[in-house]
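# Close look at the chain arrangement
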Amino acid sequence: MLGSRALAAVVAAVMGVVLCSGPARAADAGDPACLSSGLADAKVSTSIQLLHDDRTFTKVITKLTVDVPADWAYAPVLLLSRDSPLHTTAMACLTRQGPGRQDPLRWWEWRPGPPEVTVEKGGRIHVVYEAHSWVGQYDKNLDVGIWRLRAGTDTWSVTLRPPPALSGARWDEVTVDPGVPGVESAQPWPTAEEDGSRLVWRLGNRVKSAPSALTVVVRPSWQRLWSAQNERLTAQGLGWIGGLLSTVAMSALLLWAVARYRPRRRTPDPVLRNLACWAVIAIALFVLTYTDDLIHEYDVRHSAWWFEDALLRGHLFALATAALLLAFAKPPWRVWAVGVLLAIPPAVTMSLPKTFDLYQWWDDQPMTSDLALAAETTASCCLMALTVLGFVAVAWRLGVDGELIPKSGRGVPPGGPPRDRELRLRIVVPAVVAWTAVVGLCYALTEERNWQRASWLSDRGDPSYGTEHRNDFVWESMWSVSNGQEWILANSWILTGIAMLAVLRTRRSPTHPPLDDPADRLLLLAFFPVAVSISEDRLASSLAEILWIPVYMLALYAAVAAFRGRAVLEQGFEDSRWPLATAADAIARRRLMKDSRVYRETHAELRRLDQGMFGDEPPERQTLEGKLDGLHDWPTGGPLPFPDRLPTRISVVDAALALGPRDNWWDNGVRGARWALVPGLLAAVLSTWVGFVRGEAWRDTLLDLFGLPSMALGIVYWASTWIGGGFFLGALWRVLPGRRGAVKAIPVALAFAVPLALDAVFGWFTQEGAANLALHAVTMLLVLTVTGIALDLDTFRGERRYWQSRLGLLLSIYQMRYYSLQVAYLIGQVIAVITIWQFFAEPAATPPAGGK
């Protein structure tokens, strides 16, 4: 510490002497603060690269290399702490217009780390400054490193903006790599071209000054031109329309399903009423959640707007959204009371902004008192908690009315019916408070990290620094109301899925498979895109979102219908030719379980007989074969008016496995979801790692204001995707082809993969990456294969007590030749997942949400 202080004192003394001398003042008249005369012998090189392919937004990577002479007055302070004012001043001279506040904060510039500073031979100091960004702003200056990029409608311009302190330095090389298709024009003309598109200006010792007005014009592909305009009001309006159309389309399907179910019962049904009401409320929630941002963008471009206007609009829309959620949920009065208490701070804040210093008083800066920060932070947290409370209350009501939440027997007289569980404050309030606190803490820490990133060259000792710092937190706290509610309600598909499952559970047909009953078929197919669809952030993704609903529905129906004729229960009896499904009731299932055990034991005796493994009195083969032949007889009962026989190629084991572990399709679906839980969670961790942690994704997660909580929700999202696949495997079990679960998993995995393949084609057309889609498709197949084997094992769960392990029971069910095939099949899928993960999977190539 003493050495640093002494060094700082020496540097300050040297600077004072130089600044007070007449020759120095003349030499540094253009940039006296940076003492640029000492940089005349500095060597400078810089480069910029545009990466267009396999990403939604073009990535800009820049690099600046400066060899600083040892006699520059600021050279020693480059070795000081990055937080020291002298180090900040030196870096501002080398990378910016100079110390002070000439440059605005660069929210859209990211750096892999602080500039590298090393000491070379002869005392020269080597500085390497790297920065990157994404082109997502139309007709705005994007400053990255010492370069400025401006995206227009048809072309982009890339301009070198050398710092004034380096204007008289020796510029060795300047490189511009525009990517495909290359450069349209350049000024001045480059000295060399490399790799077909990279332009190089090699100045060497000929010129001791920065290239004047170096500008390159590029014309990217239409895909990258369009993505650079995502902040335009037109693009946002199209996205809003696309999202609204998708919501309306799903709501129309829900109302259609309600109309198909209602003729079954004349009395009012709360579950159907919930589905119908939610279909309408989902549209209203979308409008309330996303319209305020659209209005704000319109105000920014067409009229003057003020801080208090944005505050009022954001709080008003958020309160209306939370009130709509609670009105639909109809929670107990205690929950209403908590909701009213949470609504008081934001209501008072937006009604009396000047009382809390929340108003714009000059230029575009609101008052930045501690009272303003405390008031707006409190209001934002209350609105976040209120929205989460409404979300939980809606989920609770849908689950209770649909009997998805077990009833409670507490306080019920002996022999009395159980009653619905209530949403208890002692559970929900601590959970909501804890969630809000965690999200708020992550939000604040990320915002502080972003502030430090953007203000890394600011003077911490300047009194205005603290004011601007607090001002930034006030702004972000205000924007967190709208952005936070969008982030929460982006998961409203969970509520839609619960409402659909409630109807399927209570109103399903007890006698028909789900695809044979018109009402069940419509709702089950509509549930497929809700439960397992994957949303990729692509060009015009909101406009294309409405297309994925029918694509997923048709893919599932086609995958099942195309192979249904090969399903075991669709095969006909030998004499009547009636499908086996006509006799697939609970009584038949119990008989098949009993005969299946006899069938497997008899086959085991035949194998021992063939291998010479028998006792003193070997059984007669003809007797064993007659016993097996008798197991194919099907007695009179149910819809069969006379005895019949199973098909020759279908054994009683095959028929038992085709029925599944339960007596109806709903219970089979529930068992499939439960068995998919463990492999689904493992797969969810893998997919979350790819999307939030691997490669550049982790840095983006840390820079996104909701990045860390989004990663937690990402696990829920992916787990529900794989578990949803398990539910569909179980629900459609009886109409799927194949005799074993691993084969039955293929059609469902195919229905999941077909939309992903179409999305990959769309990504190829828009020049965006699609490697992760292959990983997700293979992962779904692996999860469903494991789930299918587990369902086969669960079908014979009654025999578990007779075996030392589940593996022994599985060997008995599959027999050796089937078991070895299953093991080889699983190993192949695991190898495919690892291969795609290792060589093809990629992080999402999108800019983090922390940009301003």
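Rules used in this analysis
- Residues numbered from 1 in each chain as written.
- Predicted model: local features only at pLDDT ≥ 70, side-chain atom pairs only at ≥ 80, totals over all residues.
- Heavy atoms only, no water.
- Helix = DSSP H or I, 4+ residues; strand = E, 2+ residues; numbered from the N terminus.
- Buried < 20%, exposed > 50% of the residue type's maximum accessible area, 1.4 Å probe, protein only.
- Contact = heavy atoms within 4.5 Å.
- Polar contact = N/O pair within 3.5 Å; in protein donor to acceptor, adjacent residues only side chain to side chain.
- Pairing = 2+ DSSP bridges.
- Axes fitted to C-alpha atoms, helices over the stretch in contact; angles between N-to-C directions.
- Patch = residues over 30% accessible without salt bridge, like charges linked within 9 Å, V, L, I, M, F, W, Y side chains within 5 Å.
- Areas by Shrake-Rupley, 256 points an atom, 1.4 Å probe, with all protein chains shown as cover.
- Salt bridge = Lys/Arg side-chain N within 4 Å of Asp/Glu carboxyl O.
- Lys, Arg positive; Asp, Glu negative; His and termini not counted.
- Charge placed at Lys NZ, Arg CZ, Asp CG, Glu CD.
- Parallel < 35°, antiparallel > 145°, perpendicular 65-115°, else oblique.
- Phe/Tyr/Trp six-rings, centres within 6.5 Å; stacked < 30°, edge-to-face > 60°.
- pLDDT = per-residue confidence, 0-100.
- Core = buried A, V, L, I, M, F, W, Y, C linked by side-chain atoms within 4.5 Å.
- Disulfide = S-S within 2.5 Å.

## Section: the environment of R96
- Note on placement: R96 falls in the loop between helix 3 (85-95) and strand 3 (116-119).
- With a relative accessible area of 8%, R96 lands in the buried category.
- Between the alpha carbons of R96 and R161 there is a distance of 8.9 Å; along the sequence they are 65 residues apart.
- Every residue in contact with R96, bar those within four places of it in the chain, is listed here: M91, D103, R106, E109, Y129, G145, P163, P164, W456 and L457.
- Within the local environment of R96, its side chain forms a polar contact with the side chain of Y129, the two groups lying 3.1 Å apart.

## Digging into the sheet that holds strand 6 (residues 147-151)
- Taken together, five strands build an open sheet; the order of strands is 5-6-7-12-9 and the sheet is antiparallel. With one partner strand each, in any of the chains shown, strand 5 (141-144) and strand 9 (183-187) form the two edges of the open sheet. Sheet twist, expressed as the average angle between the axes of neighbouring strands with direction ignored, equals 20°.
- Here strand 9 pairs with strand 12 (residues 215-218) via four bridges, running antiparallel. Of the residues in strand 12, the one forming a bridge with S185 is V217.

## A few points about the pairing of strand 12
- As judged from the four bridges shared by strand 7 (residues 156-160) and strand 12, these two strands associate in the antiparallel manner. Looking at strand 12, one finds that T159 is bridged to T215.

## Observations concerning the environment of V438
- Relative to the helices and strands, V438 resides in helix 10 (residues 425-454).
- Exposure remark for V438: the relative accessible area of 46% places this residue in the partly exposed category.
- For the pair V438 and P709, spaced 271 residues apart in sequence, the C-alpha to C-alpha distance is 8.1 Å.

## Thoughts on a nonpolar patch on the surface
- Together, W222, W226, L238, I241, L245, L543, V761, W764 and F765 make up an exposed nonpolar region whose accessible area comes to about 920 Å².
- Elements with a contribution of two residues or more to the nonpolar patch: helix 4 (222-227), helix 5 (233-261) and helix 22 (741-765).
- Note on placement: W764 falls in helix 22.

## Topic: a positive patch on the surface
- Taken together, the side chains of R334, R419, R421, R424 and R426 make up a positively charged region of the molecular surface.
- Secondary-structure assignment places R419 in the loop between helix 9 (370-401) and helix 10.
- Classification of R419 by relative accessible area gives partly exposed; the value is 45%.

## Some words on the packing of helix 6 (residues 270-302) against helix 7 (residues 307-329)
- Contact geometry for helix 6 and helix 7: axes closest at 10 Å, N-to-C directions at 175°. Judged on the interaxial angle alone, helix 7 and helix 6 are roughly antiparallel.

## Brief notes about the side chain of S687
- Turning to its location among the elements, S687 is positioned in helix 19 (residues 677-692).
- Apart from the residues within four sequence positions on either side, S687 is in contact with W718, W722 and H776.

## Re the pairing of strand 2 (residues 59-68)
- Taking burial as the measure, the 10 residues of strand 2 include seven buried ones, the bulk of the element.
- For strand 1 (residues 43-51) and strand 2, the ladder comprises nine bridges, and the chain directions are antiparallel. The partner of S45 across the bridge, within strand 2, is T65.
- In the sheet, strand 2 pairs with strand 4 (residues 125-134) via 10 bridges, with the strands oriented antiparallel. Looking at strand 4, one finds that V66 is bridged to V127.

## Considering the side chain of D292
- Inspection of the secondary structure assignment puts D292 in helix 6.
- The buried charged residue D292 lacks any salt bridge partner; its closest oppositely charged side chain belongs to R313, at an N-O distance of 6.2 Å.
- Those residues in contact with D292, other than ones at most four positions away along the chain, are R313, G314, F317, S482 and E486.

## Some details on the packing of aromatic side chains
- Under the defined criterion, the tally for this structure stands at 26 aromatic pairs.
- Residues F286 and Y290 carry aromatic rings whose centres are separated by 4.7 Å and whose planes lie at 35° to one another, so their mutual orientation is tilted. Here Y290 and F286 lie together in helix 6, a separation of four residues that amounts to about one turn.
- A relative accessible area of 12% places F286 in the buried class.
- Each ring, one from W451 and one from Y465, has its centre 5.7 Å from the other, and the planes form 50°; the classification is tilted. Of this pair, W451 sits in helix 10 while Y465 sits in helix 11 (residues 463-489), and the two are 14 residues apart along the sequence.
- For Y465, a relative accessible area of 12% gives the class buried.

## Here's the deal with the confidence of the model for the protein
- Per-chain confidence: the protein averages 83 in pLDDT, with 83% of residues scoring 70 or above.
- A low-confidence stretch, residues 1-30 stays under pLDDT 50, and its non-local contacts, those more than four residues away or across chains, total 21 contacts.

## Quick look at the nonpolar core
- Counting 106 residues, the largest nonpolar core has W278, L523, F727 and F728 as its most contacted members.
- Per element, the largest residue contribution to this core is 12 residues, and it comes from helix 9.
- Counting 62 residues, the second largest nonpolar core, distinct from the first, contains Y74, L80, A90 and L703.

## Thoughts on the environment of D537
- Note that D537 resides in the loop between helix 13 (518-532) and helix 14 (541-563).
- Each C-alpha atom, one on D537 and one on E768, is 9.8 Å from the other, the two residues being 231 residues apart in sequence.

## A few points about the state of the cysteines
- The full count for this structure, using the stated rule, is one disulfide.
- Each sulfur of the disulfide joining C34 and C93 lies 2.0 Å from the other. Because the torsion about its S-S bond is -90°, the bridge between C34 and C93 counts as left-handed. With C34 in the loop between helix 2 (22-27) and strand 1 and C93 in helix 3, the pair connects residues that are 59 residues apart, well separated along the chain.

## Focus: the pattern of salt bridges
- For the structure on display, the rule yields 18 salt bridges.
- Between R111 and E109 there is a salt bridge whose closest N-O contact spans 3.5 Å.
- Look at E109 and you get buried, because its relative accessible area is 1%.
- With its nearest N and O atoms 3.9 Å apart, the salt bridge here joins D143 to R161. With D143 in strand 5 and R161 in the loop between strand 7 and strand 8 (170-177), the pair connects residues that are 18 residues apart, well separated along the chain.
- What makes D143 buried here is its relative accessible area of 15%.
- Overall, the relative accessible area of 23% leaves R161 in the partly exposed class.

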